[in-house]
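Summary of the model geometry
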Amino acid sequence: MCLGIPGEVIEFLPDQPDLARVDVSGVRRVINVGLLDDDPPKPGEWVLIHVGFALSKIDEAEAAAALQFLEGIGQAYADELEALQASQIE
Amino acid sequence: MRFVDEFRSADKAHALAAKIAGLCEPGRQYKLMEVCGGHTHTIYKHGLEDYLPEQITLVHGPGCPVCVIPMGRVDDAMALASQPDTIMTSFGDMMRVPGSQGSFFDAKAQGTDIRMVYSPLDSLKIARQNPDKRVVFMAIGFETTTPSTAMTVLRAAAEGLDNFSIFCNHVTIIPAIKAILDSPDLRLDGFIGPGHVSTVIGCRPYEFIARDYGKPVVVAGFEPLDILQSIYMLMVQLSEGRSEVENQYTRVVPWDGNLAALTVINKVLELRPYFEWRGLGFISHSAMRVRPEYAKYDAELLFEVPGVRVADPKACQCGEVLKGVLKPWECKVFGTACTPETPIGTCMVSPEGACAAYYNFGRMNRRRVVEVSIS
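Since the model is a prediction, treat every value here as computed from it, not as a measurement.

Here's the deal with the overall build of chain B
Within chain B, the secondary structure is distributed over 16 helices and 13 strands. Expected size for 375 residues packed as a compact globule is a radius of gyration near 21 Å; at 21 Å, chain B falls within 12% of this value. Along the three orthogonal principal directions, the C-alpha set of chain B runs to about 65 × 45 × 45 Å. Burial status across chain B gives 53% buried among its 375 residues.

Some details on the overall build of chain A
Of the regular secondary structure elements, chain A holds 2 helices and 5 strands. Whereas a compact globule of 90 residues would reach a radius of gyration of roughly 12 Å, chain A reaches 12 Å, a difference of no more than 12%. Projecting the C-alpha coordinates of chain A onto the three principal axes gives extents of approximately 35 × 25 × 20 Å. Each of the 90 residues in chain A was classed as buried or not, and the buried ones make up 46%. Counted over contacts in chain A with a minimum sequence separation of 6, partners at least 24 positions apart contribute 42%.

A look at the pairing of strand E2 (residues 16–24) of chain A
Residue and element names in this part refer to chain A. As defined by bridge partners, strand E1 (residues 5–13) adjoins E2 across 5 bridges and the pair is classed as antiparallel. Note on E2: the bridge partner recorded for Glu8 is Asp23. Adjacent in sequence and paired antiparallel, E1 and E2 are bridged by 2 residues. The hairpin formed by E2 and strand E3 (residues 27–32) contains 2 residues between the paired strands, and Ser25 there has a positive phi angle of roughly 45 degrees.

Examining the interface of chain A and chain B
On the side of chain B, 38 residues touch chain A, which itself brings 34 residues to the contact. Sorting elements by how many residues they give to the side of chain A that touches chain B places helix H1 (residues 60–73) of chain A first, with 8 residues. Looking at the side of chain A that touches chain B, its residues break down into 18 nonpolar, 10 polar and 6 charged.

Considering the sheet that holds strand E5 (residues 134–141) of chain B
All names here are of chain B. Within the open sheet, the 4 strands sit side by side as E4-E3-E5-E6. Their pairing is parallel. Across the chains shown, the open sheet's two edge strands, defined by having one partner strand only, are strand E4 (114–116) and strand E6 (164–170). The sheet shows a mean angle of 25 degrees between the axes of neighbouring strands, taken without regard to direction. For E5 and E6, the ladder comprises 7 bridges, and the chain directions are parallel. Opposite Gly141, over in E6, you have His170 as the bridge partner. Running over the sheet, helix H4 (residues 71–81) touches strand E3 (86–90), E4, E5 and E6 and is turned about 140 degrees from E3.

Regarding the environment of Ser286 of chain B
Residue and element names in this part refer to chain B. Topologically, Ser286 is positioned in the loop between strand E12 (281–284) and strand E13 (288–290). What makes Ser286 buried here is the crowd of 23 C-beta atoms within 10 Å. The spacing of Ser286 and Arg155 is 131 residues in sequence and 25 Å in space, taken between C-alpha atoms. For Ser286, the contacting residues outside a window of four places in its chain are Val171, Thr172, Pro175, Ala176, Phe275 and Trp277.

A look at the nonpolar core
Nonpolar side chains tend toward joint burial in soluble globular proteins. Judged by nonpolar contacts, the single largest core of 146 residues is most densely connected at Val47 and Ala54 of chain A. The leading source of residues in this core is helix H11 (residues 224–239) of chain B, at 8 residues.

Side note on the sheet that holds strand E2 (residues 56–63) of chain B
Residue and element names in this part refer to chain B. Here 5 strands make up an open sheet; going across it, the order is E2-E1-E7-E8-E9 and the pairing parallel. Edge positions in the open sheet fall to E2 and strand E9 (245–247), since each of these has one partner strand only. Recorded for the sheet is a direction-independent mean angle of 20 degrees between the axes of neighbouring strands. Packed on one face of the sheet, helix H8 (residues 173–182) meets strand E1 (30–36) and E2 and runs near 135 degrees to E2.

Here's the deal with the packing of helix H3 (residues 37–45) of chain B against helix H15 (residues 354–361) of chain B
All names here are of chain B. Running from N to C, H3 and H15 point in directions that differ by 20 degrees, and their axes come no closer than 9 Å. When the axis of H3 is compared with that of H15, the two are roughly parallel. Every pair of crossing elements has a handedness; the one defined by H3 and H15 is right-handed. Taking contact as the criterion, the partners of Thr40, His41, Tyr44 and Lys45 in H3 are, on H15, Ala354, Ala357, Tyr358 and Phe361. When grouped by side-chain class, the residues that make up the contact of H3 with H15 number 5 nonpolar, 2 polar and 1 charged.

Concerning the environment of Thr86 of chain B
Residue and element names in this part refer to chain B. As for its placement among the helices and strands, Thr86 is situated in strand E3. Each C-alpha atom, one on Thr86 and one on Ile20, is 55 Å from the other, the two residues being 66 residues apart in sequence. If near-sequence neighbours (up to four positions away) are discounted, Thr86 is found in contact with Leu80, Ala81, Asp113, Lys133, Arg134 and Val136.

A look at unusual backbone geometry
Look at Ser25 of chain A: it is not a glycine, yet its phi comes out positive at around 45 degrees. Position of Ser25 of chain A relative to the elements: it lies in the loop between E2 and E3. Non-glycine residue His285 of chain B carries a positive phi angle of around 45 degrees. Take His285 of chain B: it is sitting in the loop between E12 and E13. Taking the number of C-beta atoms within 10 Å as the measure of exposure, His285 of chain B has 15 and is therefore partly exposed.

The rules we used
Residues numbered from 1 in each chain as written. Chains lettered and ligands numbered in written order. Predicted model: local features only at pLDDT ≥ 70, side-chain atom pairs only at ≥ 80, totals over all residues. Helix = DSSP H or I, 4+ residues; strand = E, 2+ residues; numbered from the N terminus. Rg over C-alpha atoms; globule rule 2.2 N^0.38 Å. Buried ≥ 20, exposed ≤ 12 C-beta atoms within 10 Å, placed from the backbone. Contact = placed C-beta atoms within 7 Å. Pairing = 2+ DSSP bridges. Nonpolar A, V, L, I, M, F, W, Y, C, P; charged D, E, K, R; others polar. Axes fitted to C-alpha atoms, helices over the stretch in contact; angles between N-to-C directions. Core = buried A, V, L, I, M, F, W, Y, C linked by C-beta atoms within 7 Å. Parallel < 35°, antiparallel > 145°, perpendicular 65-115°, else oblique. Left-handed = near helix turned anticlockwise from the far one by under 90°.

Right under this line is the structure:
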């Protein structure tokens, strides 16, 4: 829950502009990007995701570092990814 | 990989450690608190204390939101969950936190409808799919998760969804830091500020620590070198007699935070007069509740909440650990009666809790290890 997970923005959902499809470690899920309204991310850009919401934009280097950090955490990240896979935000 | 190496290089770590050691005044002891449980995790995973001179002690702070939920609130949530036609939804982290009658997992095993969700928005979906049930989201977390809860309430309101509510346990980090600064138990020299929380609140809220208490604060990232760099920045300030708020984690944390997130929080939630923290007791204005405008989404108003106060188990010393007065291994039940599999206290439940981090990485008190190796 406290983990910030990096995701690459793939596309915005056409009918719901505050929702975007992102790629997180190969898992594609929909997240809410409404909290970045002041400076919305574009497809191809990276965001840090907390409990289904993008809280900040990050660059690719930071995304790689954050991912490495998470993979090092082990079970907690595995649990979070599993939860994300089960997530069905719409 | 080349990206990550920048944050992990052992050579850089040793170079930083040497610079840190060079800044220590002879005979002076330094106590630096890392507020965030994520930092605690990095420190123990990478053995960062082993890089530091003996004069510097890292003290673990209260920044694990699961750890600070008092037993009474878990019992209250359980009472909500056991109401007829009710579905309780919760982050996975919360599922093993013990109340006086067991945890969410225990209740679920006995047939109470408690479902794990990744996001409050998943909880909203469960509400849409179950119009004949009342769906309650167990909202917990510091400012990192608070905006998500607030956005979800706004979404429920926009959809006119009437069977969704939140049991709000969101806490705010600043009053907890102030309580620790005002506590006579502990003298601290500086703070490693939380990374993700600051993404939302920015760096300004820490200014009172530097101004009124004369302690430096450096907001830090989560990589091992981020933390060493932050310790170095704190030590430079201390050696120059300065106390300022600095941001080491500029690649993620904007100085002013996330204004959209703060606006949403403020729209839906307001400060409670006081809230109980496990181990720390009641702290003024340290948690959020639903504003009257959104009362129909407030589970505390929709349901009878017992509101009982339950004393922590006598053997458990989470309070001292959360305040940084005790190291986890100094607790009477650490690693014996209290383990991650059968936690007595919350600090052993969450992977970001100080006790779980110690337990999982086998870190013990450095001085004791030195003594053992000499004898």
